[in-house]
Amino acid sequence: MSLRIQIIIGSTRPGRFADKPVAWLVDRLDGRDDFELDVLDLRDHPLPLFDSPMPPARSLRDYPNEAVAELGRRFDSADGYIAVTSEYNHGYPASLKNAMDYVFPEFNKKPMSFVGYGNAGGARAIEQLRLVTVEFEMAPLRHAVHILPDLMRPAMMAAEEFTPALFESLDDRLEMMVSELVWWSSALKVARDAG
Ligand SMILES: Cc1cc2nc3c(=O)[nH]c(=O)nc-3n(C[C@H](O)[C@H](O)[C@H](O)COP(=O)(O)O)c2cc1C
């Protein structure tokens with residue numbers, strides 16, 4: 001079975017830290033034989049504050065314009081997701097919520113795993129995302145990766161010289177998260193395909 005796992009980069013701000021965990025994830029996950037990796041950068045899908053005339057749970061894939069259609073098709077193409085989330089004021093970034101609100105069936109019956117970072121490893125942002133994904137009829141998964149300041153600080157200092165090895169201590173945790181994500185992605189793909 002061919003599976004497609006999509007990394008969603010939640011932060012879009014200039015100079016974002018997000019690029020560092022994403023570089024580590026791509027280094028560790030690209031080229032595996034159990035899934036194809038896709039990296040969705042929300043910077044490539046700049047959309048206004050949600051302005052669709054109909055709720056996407058009702059309009060389904062009848063997209064209001066090409067920009068929304070492009071994002072919708074991209075989300076649709078994945079069997080499972082890894083949301084990479086920062087934490088802004090104890091929540092996940094508005095850029096991520098805004099993008100998610102533009103779609104609905106694209107996410108249904110698919111799993112999402114989480115990589116968070118911040119003073120509490122993005123734990124509060126991830127907990128909020130878990131609640132939101134239930135509304136999308138998704139399966140939010142348990143084994144997240146939390147990047148705490150002890151690893152964030154050296155990664156920030158490394159600036160241009162950032163290397164994925166700086167997050168090596170999280171490799172086992174990542175493997176646990178990804179095995180769980182692959183299990184759910186393939187199980188739910190079989191179930192979706194069966195109707
Ligand atoms: C508006 C704002 C609010 C923040 N609030 C929190 C917070 O509640 N908890 C936390 O751990 N870090 C917080 N931070 C610090 C972020 O974790 C840190 O800036 C991180 O680099 C943001 O991710 P990004 O650079 O990928 O956007 C906040 C940062 C900003 C800009």
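For the structure itself, consult the block above.
Note that the structure is predicted; figures quoted are calculated from it, not measured.

Before going further, it helps to spend a moment on the pattern of salt bridges. Across all of its chains, the model carries 17 salt bridges by this definition. In this structure, Asp38 engages Arg74 in a salt bridge whose closest nitrogen and oxygen atoms are separated by 2.9 Å. Of this pair, Asp38 sits in strand S2 (residues 36-41) while Arg74 sits in helix H3 (residues 66-76), and the two are 36 residues apart along the sequence. Using a relative accessible area of 8% as the deciding quantity, one classes Asp38 as buried. Each of Arg4, Glu36, Asp38 and Arg74 takes part in salt bridges that share partners, so that together they form one network.

Moving on, we get to the pairing of strand S1 (residues 4-9). The side chains of a regular strand alternate, residue by residue, between the two faces of the sheet. Counting buried residues in S1 gives six out of six residues, a clear majority hidden from the surface. The two faces of S1 match: Arg4, Gln6 and Ile8 on one face and Ile5, Ile7 and Ile9 on the other face are all buried. Of the pairings in the sheet, the one linking S1 to S2 comprises six bridges and is parallel in character. Across the sheet, residue Ile9 finds its bridge partner in S2, namely Asp41. Between the parallel pair S1 and S2, the chain is carried across by helix H1 (residues 19-29), and the sense of this crossover is right-handed. In this structure, S1 lies alongside strand S3 (residues 80-85), joined through five bridges in parallel fashion. Residue Ile9 lies in a different strand from S3, and its bridge partner there is Val84.

With that settled, consider the packing of H1 against helix H7 (residues 171-193). Between H1 and H7, the shortest axis-to-axis distance is 12 Å and the interhelical angle comes to 70°. With respect to each other, H1 and H7 are oriented roughly perpendicular. Here H1 and H7 pass one another in a crossing that is right-handed. In this structure, H1 uses Trp24, Leu25, Arg28 and Leu29 to contact H7, whose residues at the interface are Asp171, Leu174 and Val178. In terms of residue class, the contact of H1 with H7 is built from five nonpolar, no polar and two charged.

Phi is positive for Leu60, which is not a glycine, with a value near 55°. Its place among the elements puts Leu60 in the loop between helix H2 (56-59) and H3. Overall, the relative accessible area of 43% leaves Leu60 in the partly exposed class. Unusually for a residue other than glycine, Asn89 sits at a positive phi of about 50°. Within the fold, Asn89 resides in the loop between S3 and helix H4 (94-101).

This brings us to the site of the ligand. Around the ligand sit 14 residues, and of these Ser11, Arg13, Tyr88, Tyr117 and Asn119 come closest. Measuring from an oxygen atom of the ligand, one finds a backbone N or O atom of Asn119 at 2.7 Å. Coverage of the ligand by the protein amounts to 74% of the 610 Å² it exposes when considered alone. For the shell around the ligand, the class distribution of residues is four nonpolar, six polar and four charged.

Definitions and cut-offs
Residues numbered from 1 in each chain as written. Predicted model: local features only at pLDDT ≥ 70, side-chain atom pairs only at ≥ 80, totals over all residues. Heavy atoms only, no water. Salt bridge = Lys/Arg side-chain N within 4 Å of Asp/Glu carboxyl O. Helix = DSSP H or I, 4+ residues; strand = E, 2+ residues; numbered from the N terminus. Buried < 20%, exposed > 50% of the residue type's maximum accessible area, 1.4 Å probe, protein only. Pairing = 2+ DSSP bridges. Right-handed = clockwise from strand over helix to strand, strands pointing away. Axes fitted to C-alpha atoms, helices over the stretch in contact; angles between N-to-C directions. Parallel < 35°, antiparallel > 145°, perpendicular 65-115°, else oblique. Left-handed = near helix turned anticlockwise from the far one by under 90°. Contact = heavy atoms within 4.5 Å. Nonpolar A, V, L, I, M, F, W, Y, C, P; charged D, E, K, R; others polar. Near = heavy atom within 4 Å. Polar contact = N/O pair within 3.5 Å; in protein donor to acceptor, adjacent residues only side chain to side chain. Areas by Shrake-Rupley, 256 points an atom, 1.4 Å probe, with all protein chains shown as cover.

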